[in-house]
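# Descriptive structure summary
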Amino acid sequence: GAGVSQSPSNKVTEKGKDVELRCDPISGHTALYWYRQSLGQGLEFLIYFQGNSAPDKSGLPSDRFSAERTGGSVSTLTIQRTQQEDSAVYLCASSLPTGYQETQYFGPGTRLLVL
Amino acid sequence: AQSVAQPEDQVNVAEGNPLTVKCTYSVSGNPYLFWYVQYPNRGLQFLLKYITGDNLVKGSYGFEAEFNKSQTSFHLKKPSALVSDSALYFCAVRFDTGRRALTFGSGTRLQVQP
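What this report covers is the structure whose coordinates are included nearby. (Residues numbered from 1 in each chain as written. Chains lettered and ligands numbered in written order. Predicted model: local features only at pLDDT ≥ 70, side-chain atom pairs only at ≥ 80, totals over all residues. Heavy atoms only, no water.)

Scanning chain B from terminus to terminus reveals zero helices and twelve strands. Reading chain B from its N terminus to its C terminus gives the helix and strand order β-β-β-β-β-β-β-β-β-β-β-β. Relative to a compact globule of 114 residues, whose C-alpha radius of gyration would be 13 Å, chain B shows 13 Å and is just as compact. Contacts spanning at least 24 positions in sequence make up 57% of the contacts within chain B whose residues lie at least 6 apart. Carbon and sulfur atoms provide 47% of the accessible area of chain B, an area that totals close to 5,300 Å². Charge-centre separation for chain B: the mean point of 11 positive side chains lies 8 Å from the mean point of 8 negative side chains. (Helix = DSSP H or I, 4+ residues; strand = E, 2+ residues; numbered from the N terminus. Rg over C-alpha atoms; globule rule 2.2 N^0.38 Å. Contact = heavy atoms within 4.5 Å. Areas by Shrake-Rupley, 256 points an atom, 1.4 Å probe, with all protein chains shown as cover. Lys, Arg positive; Asp, Glu negative; His and termini not counted. Charge placed at Lys NZ, Arg CZ, Asp CG, Glu CD.)

As structure tokens, then:
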């Protein structure tokens, strides 16, 4: 079946602009995660959605970052007033919420470059 | 805080030889350990996980990993490396006392030479 999809695959923007990144999880997966992969910081957790529960936003690096999940499926990560340090690969993952043993399945990522 | 360490930035091995990619974790409850592989310009691909039970876990593409509680390690192994195994490997952990998100190691680049 279809895996996690993300769009766009690449995004180049100018410093100060806003960007939106999209994630389509695997059908039926109610848990959705955003991570960021950068050279200096490795793989970092950003935000976690599970069903109708309040999201875990503990990984968001600043208030310029926000995310929403509409209808329990598609999620959008928004970065306002982008900075050069926001350049990274943004990865989305989804899973069935089977507890701590759950396996997360990742999308191909969106490569963001802020000029 | 939960953490996981991959002490080697890069591992080089000849094709046909056994390979080991190391991973150790800090103890903060019962660990759930994962290995993922990343090929160039691709997302992370799940290889295997340890949740409980047998300490030797078998996964995709002939990989296996051994959970060692006394050494707090979860090293990834393969008896015979292939050139196509060359990629970036990540160890990840979550604990039953912590958040649901995974904490990743810094990654180890495996280079298999023909």
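Picking up where we left off.
Below, the discussion takes up the nonpolar core. Residues and elements named next belong to chain B. One finds Trp 35, Leu 47, Leu 48, Phe 74, Leu 76 and Tyr 89 to be the most contacted residues of the largest nonpolar core, which totals 27 residues. Contributing elements (two or more residues each) for this core: strand E2 (10-14), strand E3 (19-21), strand E5 (31-38), strand E6 (44-50), strand E8 (64-68), strand E9 (73-78), strand E10 (87-95) and strand E12 (108-113). Counting residues per element, this core draws most heavily on E10, at five residues. (Core = buried A, V, L, I, M, F, W, Y, C linked by side-chain atoms within 4.5 Å. Buried < 20%, exposed > 50% of the residue type's maximum accessible area, 1.4 Å probe, protein only.)

Let us now look at the interface of chain B and chain A. How big an interface is tends to be reported as the loss of accessible area on association of its parts. Across the boundary between the two partners, chain B contributes 22 residues, which contact 19 residues of chain A. Taken together, the two surfaces of chain B and chain A that pack against each other cover about 1,800 Å², and 55% of this comes from carbon and sulfur. It is Leu 44, Arg 100 and Phe 104 of chain B in chain B that bury the most area against chain A; as a group they hold 30% of the surface buried on that side. We note a salt bridge from Glu 102 of chain A to Arg 100 of chain B, for which the minimum N-O separation is 3.4 Å. Taken together, the elements giving at least two residues each to the side of chain B that touches chain A come down to E5, E6 and E10 of chain B. (Buried area = accessible area lost by both parts, 1.4 Å probe. Salt bridge = Lys/Arg side-chain N within 4 Å of Asp/Glu carboxyl O.)

What follows covers the state of the cysteines. On inspection of all chains with the given rule, the structure shows two disulfides over all chains. Shown here is the disulfide that connects Cys 23 of chain A with Cys 92 of chain A, its sulfur atoms set 1.8 Å apart. Across the disulfide from Cys 23 of chain A to Cys 92 of chain A, rotation about the S-S bond amounts to roughly -65 degrees, and the bridge is consequently left-handed. A residue pair is termed long-range when its members are at least 10 positions apart, and Cys 23 of chain A in strand E3 (residues 19-24) and Cys 92 of chain A in strand E8 (residues 88-95) qualify at 69 residues. For the pair formed by Cys 23 of chain A and Cys 92 of chain A, the shared burial category is buried. In this model, Cys 23 of chain B is linked to Cys 91 of chain B through a disulfide, with the two sulfur atoms separated by 2.0 Å. Taking the sign of the torsion about the S-S bond as the criterion, the disulfide between Cys 23 of chain B and Cys 91 of chain B, at about -60 degrees, is left-handed. Of this pair, Cys 23 of chain B sits in the loop between E3 and strand E4 (24-25) while Cys 91 of chain B sits in strand E10, and the two are 68 residues apart along the sequence. In this structure Cys 23 of chain B comes out as buried when scored by relative accessible area, which is 0%. (Disulfide = S-S within 2.5 Å.)

It is worth spelling out the layout of surface pockets at this point. Picture a little ball the size of a water molecule; that probe, rolled over the atoms, points out where space is still empty. Residue and element names in this part refer to chain B. The volume enclosed by the largest pocket comes to roughly 730 Å³. A per-class count over the lining of the largest pocket returns twelve nonpolar, 14 polar and four charged. Approximately 150 Å³ is the volume attributed to the second largest pocket. Around the second largest pocket, the lining residues are Tyr 25, Val 27, Gly 29, Asn 30, Pro 31, Tyr 32, Tyr 50, Ile 51, Thr 52, Phe 67 and Lys 69. Residues that form the lining of the second largest pocket fall into these classes: seven nonpolar, three polar and one charged. (1 Å grid on protein atoms, 1.4 Å probe; cavity = no way out; pocket = protein on both sides within 12 Å on 5 of 7 lines; lining within 4 Å. Points joined across faces, edges and corners; volume = space filled by probe spheres on them. Nonpolar A, V, L, I, M, F, W, Y, C, P; charged D, E, K, R; others polar.)

This paragraph deals with the sheet that holds E3 of chain A. Residues and elements named next belong to chain A. Pairing is antiparallel in the open sheet, where four strands are placed in the order E1-E3-E7-E6. What marks the edges here is a single partner per strand, and that holds for strand E1 (5-7) and strand E6 (65-69). Within the sheet, the average angular offset between the axes of one strand and its neighbour, ignoring direction, is 15 degrees. (Pairing = 2+ DSSP bridges. Axes fitted to C-alpha atoms, helices over the stretch in contact; angles between N-to-C directions.)

This part takes up the pattern of salt bridges. Residue and element names in this part refer to chain A. Counted under the stated rule, the structure contains eight salt bridges over all chains. Among the salt bridges present, the one from Arg 36 reaches Glu 44, with a minimum N-O distance of 3.1 Å. The residue Arg 64 makes a salt bridge to Asp 86 at a minimum N-O spacing of 2.8 Å. Of the two residues, Arg 64 is situated in the loop between strand E5 (42-50) and E6 and Asp 86 in the loop between strand E7 (75-79) and E8; the sequence distance between them amounts to 22 residues. Across the pair, Asp 86 and Arg 64 agree in class, each one buried.

Any link to function would need more than the numbers given here.
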